[in-house]
Amino acid sequence: MRTSALLLLALLPCLGQAAQIAVPALPGGTLVYKHVESIRERRFANLVEQKTDFSCGAAALATILRQAYQLDVDEDFVIRGMLVEADQNLVRTQGFSMLDMKRYLESIGMRARGYRIPSTSLDKLSIPVIVLMDIRGYKHFVVLQRTSKGFVYVGDPVLGHKRYTEEDFLKGWNGIIFAIIGPGYDKANALLTPPEPLTAKNRLDAFHPVKDAELMDFGFIQSDFF
């Protein structure tokens, strides 16, 4: 019991970050090292994480600029760029606005447009956009990545990758999308293929035992089954 507890304590620091583990490989028990992605890494894969209370807009904007336009920017860089023209006192109390983001994008040679669209058009979006959501009374900018089969995939600067049912998403969305337009757009950017949720739900019933006949197709012989 004591040994198990010590082993658990030793592993705890590794749970929140990536690591490499040694895996025995045939033949001869040779070890190969495999990269292991932490849960936190997967949650924020290809997203810029929000670091301050007022910077969700900057983080969401930096995410799209990095992934969709391959620009080497981070949250701090975008914050400093937006503060050039933004009302700093207003930013401290209410955060950045879509107007602040629009002005910043125009200052770097890009365009931005806000559109009010019907919910029925969400599945027609083919680019990542920024949307404003009301989450328990808290106004919060996130990246809307795509809509598929009744689910809306969102890159949240605080929570990471999230998947909402369309019904739940519509409860918090104000009906406006903020689209960024500029040269060098990557049509195959990673935001369009967000990771699936880390859950085994709905997958348990998908297991089917392999039949003997199928195993023989892979080189097993009849005597291997006894």
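As a convention, each chain's residues are numbered from 1 in the sequence order in which they are written. For this predicted model, a pLDDT threshold of at least 70 governs which residues receive local features, and a threshold of 80 or more governs which side-chain atom pairs are given and counted, while totals over whole chains, interfaces and linings are taken from all residues. Values shown for side chains rest on all heavy atoms present in the structure; no hydrogens or waters enter the calculation.

- Under an unreviewed UniProt entry, the name given to the protein chain is Peptidase C39 domain-containing protein, and the source organism is Pseudomonas panipatensis.

### Thoughts on the overall build of the protein chain
Point 1. Of regular secondary structure, the protein chain possesses eight helices and eight strands.
Point 2. Buried residues in the protein chain amount to 32% of all 226 residues.
Point 3. Contacts were defined at the residue level, with two residues in contact if any of their heavy atoms lie within 4.5 Å. Of the contacts made within the protein chain by residues no fewer than 6 positions apart, 56% connect residues no fewer than 24 positions apart.
Point 4. A total accessible area of about 14800 Å² is found for the protein chain, and carbon and sulfur atoms account for 57% of it. Labels follow the DSSP assignment, with helices taken as runs of H or I lasting at least four residues and strands as runs of E lasting at least two, numbered in each case from the N terminus. Categorising residues by exposure relies on relative accessible area from a 1.4 Å probe, with only protein chains included: less than 20% of the type maximum marks a residue as buried, more than 50% marks it as exposed, and the intermediate range marks it as partly exposed. With residues, only the protein chains shown are counted as cover, and all accessible areas are computed by Shrake-Rupley using a 1.4 Å probe.

### Description of the environment of aspartate 100
Point 1. Considering the arrangement of structural elements, one finds aspartate 100 in helix H6 (residues 98–107).
Point 2. Looking at aspartate 100, the relative accessible area reads 10%, which means it is buried.
Point 3. In the structure, aspartate 100 is positioned 13 residues away from aspartate 87 in sequence and 8.9 Å away in space, judged by C-alpha atoms.
Point 4. Here aspartate 100 is in contact with Met82, Ala86 and Val91, once residues within four sequence places are set aside.

### Observations regarding the packing of helix H3 (residues 56–69) against helix H4 (residues 75–83)
Helix packing for two helices is described by the angle between their axes and how far apart those axes are.
Point 1. Every axis corresponds to a line fitted to the C-alpha atoms, with the helix fit spanning only the stretch in contact, and the corresponding angles, defined between N-to-C directions, vary from 0 to 180 degrees. Relative orientation of the contacting elements H3 and H4 amounts to 115 degrees, with a least axis distance of 8 Å. The hand of the H3/H4 crossing is right-handed. Contacts between H3 and H4 involve Gly57, Ala58, Ala59, Leu61 and Ala62 from the former and Glu75, Val78, Ile79 and Met82 from the latter.
Point 2. Here the residues of the contact of H3 with H4 sort into seven nonpolar, one polar and one charged. By convention the crossing between two helices is left-handed if the near helix lies anticlockwise of the far one by an angle smaller than a right angle, and right-handed if it lies clockwise. Throughout this entry, Asp, Glu, Lys and Arg are counted as charged residues, while Ala, Val, Leu, Ile, Met, Phe, Trp, Tyr, Cys and Pro are counted as nonpolar. The remaining residues, Gly among them, count as polar.

### Regarding unusual backbone geometry
Point 1. The phi dihedral of asparagine 46 is positive, around 70 degrees, even though this residue is not glycine.
Point 2. Counting through the fold element by element, asparagine 46 comes out in the loop between helix H2 (39–43) and H3.

### What about the nonpolar core?
Point 1. We define a nonpolar core as any set of buried Ala, Val, Leu, Ile, Met, Phe, Trp, Tyr and Cys residues linked to one another through side-chain atoms lying within 4.5 Å. If you look at the biggest cluster of nonpolar residues, it comprises 33 residues, and the most contacted ones within it are Leu61, Ile130 and Ile180.
Point 2. Contributions of two or more residues to this core are made by H3, H4, H6, strand E4 (129–135), strand E5 (138–148) and strand E8 (173–181).
Point 3. Per-element accounting of this core gives the leading share, ten residues, to H3.
Point 4. For leucine 61, the residues in contact, after removing those within four places along its chain, are Val78, Met82, Met101, Tyr104, Leu105, Ile130 and Ile180.
Point 5. In terms of nonpolar packing, the next biggest core, distinct from the first, is built from 14 residues, Ile117, Met133, Val152 and Phe169 among them.

### Points about the sheet that holds strand E3 (residues 111–116)
Strand pairing in a sheet relies on backbone hydrogen bonds, with the paired strands running either antiparallel or parallel.
Point 1. Each pair of strands is called paired provided DSSP finds at least two bridges between the two strands. The sheet built from six strands is open, its strands ordered E3-E8-E4-E5-E6-E7 with antiparallel pairing. Of all the strands in the sheet, the pair left with one neighbour each is E3 and strand E7 (160–165). In this sheet, neighbouring strand axes are inclined to one another by 35 degrees on average, regardless of whether the strands run parallel or antiparallel.
Point 2. Where strand E6 (residues 151–156) lies against E7, six bridges are found, and the strand directions are antiparallel. When the sheet's bridge partners are listed, valine 152 is paired in E7 with tyrosine 164.

### Digging into H3
Point 1. What a helix should span is 1.5 Å times the count of its residues minus one. Along its 14 residues, H3 runs 19 Å from first to last C-alpha, staying within 8% of the 20 Å computed at 1.5 Å per residue.
Point 2. Looking one or two places after H3, you find glutamine 70, whose phi comes out positive at around 55 degrees.

### Concerning the packing of aromatic side chains
Point 1. Classification of ring pairs rests on two measures: the distance between centres of Phe, Tyr or Trp rings, Trp counted by its six-membered ring, which must be within 6.5 Å, and the angle between planes, read as stacked under 30 degrees, edge-to-face over 60 and tilted in between. Enumeration over the complete set of coordinates arrives at three aromatic pairs.
Point 2. One residue, arginine 146, lies across the ring of tyrosine 153, its end atom 4.5 Å from the ring centre.
Point 3. Charges are assigned to positions over rings by a cutoff of 6 Å between ring centre and Lys NZ or Arg CZ, combined with an angular limit of 35 degrees from the ring normal. Across the ring face of phenylalanine 151, the terminal group of arginine 163 is positioned such that the distance to the ring centre comes to 3.8 Å.

### As for the packing of H4 against H6
Point 1. Running from N to C, H4 and H6 point in directions that differ by 95 degrees, and their axes come no closer than 9 Å. One finds that H4 runs roughly perpendicular with respect to H6. Along its contact with H4, which presents Phe77, Val78, Gly81 and Met82, the element H6 presents Asp100, Met101 and Tyr104.
Point 2. In terms of residue class, the contact of H4 with H6 is made up of five nonpolar, one polar and one charged. The scheme is simple: roughly parallel for angles under 35 degrees, roughly antiparallel for over 145, roughly perpendicular for 65 to 115, oblique for anything else.

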